[in-house]
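# Structural characterization, general
This is what each chain is made of:
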Amino acid sequence: MKQPSRLDFKLEATASGSRARAARFTTLHNEVVTPTFMPVGTHAAVRAQRREDVLASGAQVLLANTYHLMLRPGVELFEKFGGIQRFMNWPRSVLTDSGGYQIFSLPGSRSISEEGAQFKSYVDQTTLRLSPESSIAAQRAIGSDIMMVLDQCVPSTVERGVAQQAMELTHRWALRSLAARGESPQALFGIVQGASYADLRALSARAVTQMPFDGYAIGGLAVGERCDEREACTAIVTELLPENKPRYLMGVGTTRDLLEAVHRGVDMFDCILPTALAKQGVAFTSVGRRDLRRAAYRGVDGPIDPGCGCHTCQTYSIAYLFHLNRVREPQGWQLLGLHNIHFYMQLMRSMREHILADTWLSFYRCQRDVLDARDSYGRPPTHVTKAERQKLKLKLGRYEVIVRDGVGHIRDTTCGEVMHSVNDPAEEARSLYVEQSRLVQRLLEPSAGPLVVWDVGLGAAANAMAAILAVEGSPDPVRRLTLVSFENNVDSLVLALRHPAWFKHLRHPAPRRLLVDDRWTSATAAVDWLLLRGDFGVSKFDAPLPDVIFFDPFSFKTDAALWTLGAFRELANILQGKAVELFTYSYSTSVRAAMLAAGFYVAKGRGTGPKAETTIGLTARAAAMPHSWQLLGEEFLAKWQRSDARTPLGVDPRDESWRKAVAGHPQFR
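Now for a look at the structure at hand. (Residues numbered from 1 in each chain as written. Predicted model: local features only at pLDDT ≥ 70, side-chain atom pairs only at ≥ 80, totals over all residues. Heavy atoms only, no water.)

Counting its regular elements, the protein chain contains 27 helices and 28 strands. Principal-axis analysis of the C-alpha atoms places the extent of the protein chain at approximately 75 × 60 × 50 Å. Residues classed as buried in the protein chain amount to 57% of the 669 residues present. At a minimum sequence separation of 6, the contacts of the protein chain that also span at least 24 residues come to 70%. (Helix = DSSP H or I, 4+ residues; strand = E, 2+ residues; numbered from the N terminus. Buried < 20%, exposed > 50% of the residue type's maximum accessible area, 1.4 Å probe, protein only. Contact = heavy atoms within 4.5 Å.)

Below, the structure written as structure tokens:
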């Protein structure tokens, strides 16, 4: 059913063989043609950019942030000036984000309830509250052309029960936001949530489109999911959104991300990347990214992008921009940011022209392998086609190598999942396993025998090598380290060893020797590394009992048997009477419930990437010893009882004993 809109939206064309569309709508300040990109002016200014240059780029809408503007300068000042346009002397449209994402990004200092969000001000640490009503009131005072409803954003990889609860809360907040908008002439967009779950995304799209918004946004993406997951979610949602309203993909993204999203029917975008990467010395160009941190550009004459007509490209050489970046001159950030914004705007105009001319598909196919290709000047390109992948031997068995920002990751082609999909694997291993377990400190403490560490899920050896490198770089330990890695398929390590340029942690003799002899002993440090091949459920009985466990199976899909209640009970039985700490990347309610039911004490681990926290398991003896871990408490119990994902994997439906074991666990007494 068509609903009236404050934007007078007109769909002009849809490309053949695609959902890419060209349209136009009118705000309180100007006409906007789509597809369009909105530069981010969080604090009522685009970082390091002059107003005149942003206008000259062709920007039709700027994005500002309600959360930040409420704190500084405060909504009273916008009321005094008659709105944000006069305050910042910007003659075109402004869209204000509601503050939902910023609240999500401050997990340690906020709480969410039905009423709204409570958080601490980063300005003076006072406690503030943001509800759907107060968010809309602030946006009305700011005077934006397009307002956004307050939503609850969660990591796109979060467990299903959490995603569904956040989605349903977002729907209830959306209705309250509509009521709070009243008769204001400002447009208001609803937001579709649902993390990376296709059915939740579809459910949310159907629910939100029943509400009379002026446009619809896709939120909760670009927060941890893979590109293919984001593209799939986008396609699911746009298929269900009405054709007569604008569609906005929030917080996305690179130039290629924009191309893919337009192909799937999105009209509007925002992202900090054009200016954020400019500060690092990175430029988007018609031949892919150029990274001015690379010495290859030190003496290069000519513009950063020969096909660009912006002030930067018409005035300055690459060598000069390289120099400014090298000496950290702020003008370098400003000039590259100017170029990047201009390039994004020109890309939007080119997309629109090809949609209107119905030449979109050829343009799309031509550009998708060029846009955002990593810097290839002076070296082989890191963007690898299928033919090149075979040539470079990037596949072995069920695994393949993918490269992101110069870092190699292993992908399981049978399920599509990527090891350490968001973070640098070596950095995550160091932080989550080596540092958090106090590995080096333990080795410096007097003890009768070696420190035994189980590395469950060798993979590409990121965790094991992080441990070895930490020991080799530390003072002489008192104890010897015995590292036992378990793996039922070493193809991922064999494959990674072929490409040490992308897997830097493997530039060491240990992994190759391990694959030959199933063991390696360091010549320079007190380390023995053993490899036990085969099923962990069987091979763990052949290993010396551990003091520490790095529990890092590939995923729930590929290693489901390792995450069952039975598997944790068997592990707890083996460890009975010994003080052992287990560290894992998961913070799934069902995994924590399985560990509790098996007899482990369960604590919160440090966050990594988009995950606000991970999980630590302690045997009863370890829990009885002095420790600094924050054990789960009554809050978790309440969450577990409400959760749709509270049942551990592999539970017999007739067995109710596990529920009593969780609810009656000693750590909750």
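From this point, the discussion proceeds with the structure in view.
So, about the sheet that holds strand β3 (residues 31-34). The strand order across the open sheet formed by three strands is β1-β2-β3, and the pairing between neighbours is antiparallel. Since the sheet does not close on itself, it has two edges, and those belong to β1 (10-14) and β3, each with one partner. The average angle at which neighbouring strand axes cross in this sheet is 10°, direction not considered. Bridging between β1 and strand β2 (residues 21-26) involves four bridges; their strand directions are antiparallel. Note on β2: the bridge partner recorded for Leu-11 is Ala-23. On the sheet, helix α14 (residues 330-356) packs against β1, β2 and β3 and is oriented at approximately 115° with respect to β2. (Pairing = 2+ DSSP bridges. Axes fitted to C-alpha atoms, helices over the stretch in contact; angles between N-to-C directions.)

In contact at an axis separation of 8 Å, helix α11 (residues 273-280) and α14 are set at 145° when each is read in the N-to-C sense. Considering only the axes of α11 and α14, their crossing is right-handed. Residues Leu-273, Pro-274, Thr-275, Ala-278 and Lys-279 of α11 pack against Trp-333, Leu-336, Gly-337, Asn-340, Ile-341 and Tyr-344 of α14. Within the contact of α11 with α14, the residues separate by chemical class into seven nonpolar, three polar and one charged. (Left-handed = near helix turned anticlockwise from the far one by under 90°. Nonpolar A, V, L, I, M, F, W, Y, C, P; charged D, E, K, R; others polar.)

With that settled, the discussion passes to the sheet that holds strand β8 (residues 117-120). Ordered by their spatial adjacency, three strands build an open sheet running β7-β8-β9, and the pairing between neighbours is antiparallel. Among the strands making up the open sheet, the edge pair consists of β7 (110-112) and β9 (127-130). Averaged over all pairs of adjacent strands, the angle between strand axes in this sheet comes to 15°, irrespective of strand direction. Here β8 runs beside β9; their pairing, made up of four bridges, is antiparallel. Bridging across to β9, Gln-118 finds its partner in Arg-129.

The next thing to look at is the packing of aromatic side chains. The geometry of an aromatic ring pair is captured by the separation of the ring centres together with the interplanar angle, meaning the angle of the planes. As enumerated under the stated definition, the model contains 20 aromatic pairs in all. For the pair Phe-551 and Phe-568, a centre-to-centre distance of 5.6 Å together with 45° between the ring planes defines the contact as tilted. With Phe-551 in strand β24 (residues 548-551) and Phe-568 in helix α23 (residues 565-575), this residue pair connects regions lying 17 residues apart in the sequence. Each member of the pair, Phe-551 together with Phe-568, is buried. With 5.7 Å between their ring centres and 70° between their planes, Trp-563 and Tyr-585 make a pair best called edge-to-face. Of this pair, Trp-563 sits in the loop between β24 and α23 while Tyr-585 is found in the loop between β25 (581-584) and α24 (589-598), placing the two residues 22 residues apart along the sequence. You can call Trp-563 buried: its relative accessible area is 1%. Taken together, the ring pairs in this structure connect Phe-551, Trp-563, Phe-568, Tyr-585 and Phe-600 into an aromatic cluster. A cation over a ring is seen here: Lys-540 above Phe-536, with NZ or CZ 5.1 Å from the ring centre. (Phe/Tyr/Trp six-rings, centres within 6.5 Å; stacked < 30°, edge-to-face > 60°. Lys NZ or Arg CZ within 6 Å of the ring centre and 35° of its normal.)

Counting residues in each nonpolar core, the largest one holds 93 residues, and the members touching the most others are Ile-410, Trp-454, Leu-481, Trp-529, Ile-549 and Phe-568. Element by element, the count of residues in this core is highest for helix α19 (residues 462-472), at eight residues. Leave out the neighbours within four places in its chain, and Ile-549 touches Trp-454, Val-456, Leu-571, Leu-575, Val-580, Glu-581, Leu-582 and Phe-583. (Core = buried A, V, L, I, M, F, W, Y, C linked by side-chain atoms within 4.5 Å.)

Once that is clear, we can look at the pattern of salt bridges. Here the structure, examined in full by the defined rule, presents 38 salt bridges. For the salt bridge of Arg-264 with Glu-260, the shortest nitrogen-to-oxygen distance reads 2.7 Å. According to the relative accessible area criterion, Arg-264 is buried, its value standing at 18%. Sharing partners across several salt bridges, the network here consists of Glu-231, Arg-256, Glu-260, Arg-264 and Arg-368. (Salt bridge = Lys/Arg side-chain N within 4 Å of Asp/Glu carboxyl O.)

With that settled, consider α23. Within α23, the full set of buried residues consists of Leu-565, Phe-568, Leu-571, Ala-572, Ile-574 and Leu-575. In this fold, the buried residues of α23 make contact with β20 (451-456), α22 (536-539), β24, β25, α24 and α27 (657-663). One or two steps after α23, the chain reaches Gly-577, where phi turns positive at roughly 85°.

With that settled, the discussion passes to the environment of Asn-573. Inspection of the secondary structure assignment puts Asn-573 in helix α23. Residue Asn-573 is classed as exposed on the basis of its relative accessible area of 54%. Separated by 148 residues in sequence, Asn-573 and Pro-425 place their C-alpha atoms 31 Å apart.

A separate point is helix α26 (residues 634-642). Regarding α26, the residues found buried are Phe-636, Leu-637 and Trp-640. In an axial view of α26, the angular spread of the buried residues amounts to 100°, which keeps them on one side of the axis. Among the exposed residues of α26, those pointing more than 90 degrees away from its buried face are Glu-634, Glu-635 and Arg-642. On the buried face of α26, the contacting elements are α24 and α27. (Arc of directions from axis to C-beta.)

Here we come to the environment of Gly-253. Among the secondary structure elements, Gly-253 is positioned in the loop between β13 (247-249) and α10 (255-263). Residue classification places Gly-253 among the buried residues on the basis of a relative accessible area of 5%. Counting along the chain gives 18 residues from Gly-253 to Cys-271, while the straight-line C-alpha distance between them is 5.5 Å.

Turning next to the side chain of Ser-57. Tracing the chain through its elements places Ser-57 in helix α1 (residues 51-57). On the accessibility criterion, Ser-57 (3% relative accessible area) is buried.

Now for the environment of Thr-647. With respect to the element layout, Thr-647 can be found in the loop between α26 and α27. It is 9.8 Å that separates the C-alpha atoms of Thr-647 and Arg-592, two residues lying 55 residues apart in sequence. Not counting residues within four places of it along the chain, the set of residues in contact with Thr-647 comprises Ser-590, Trp-658 and Arg-659.

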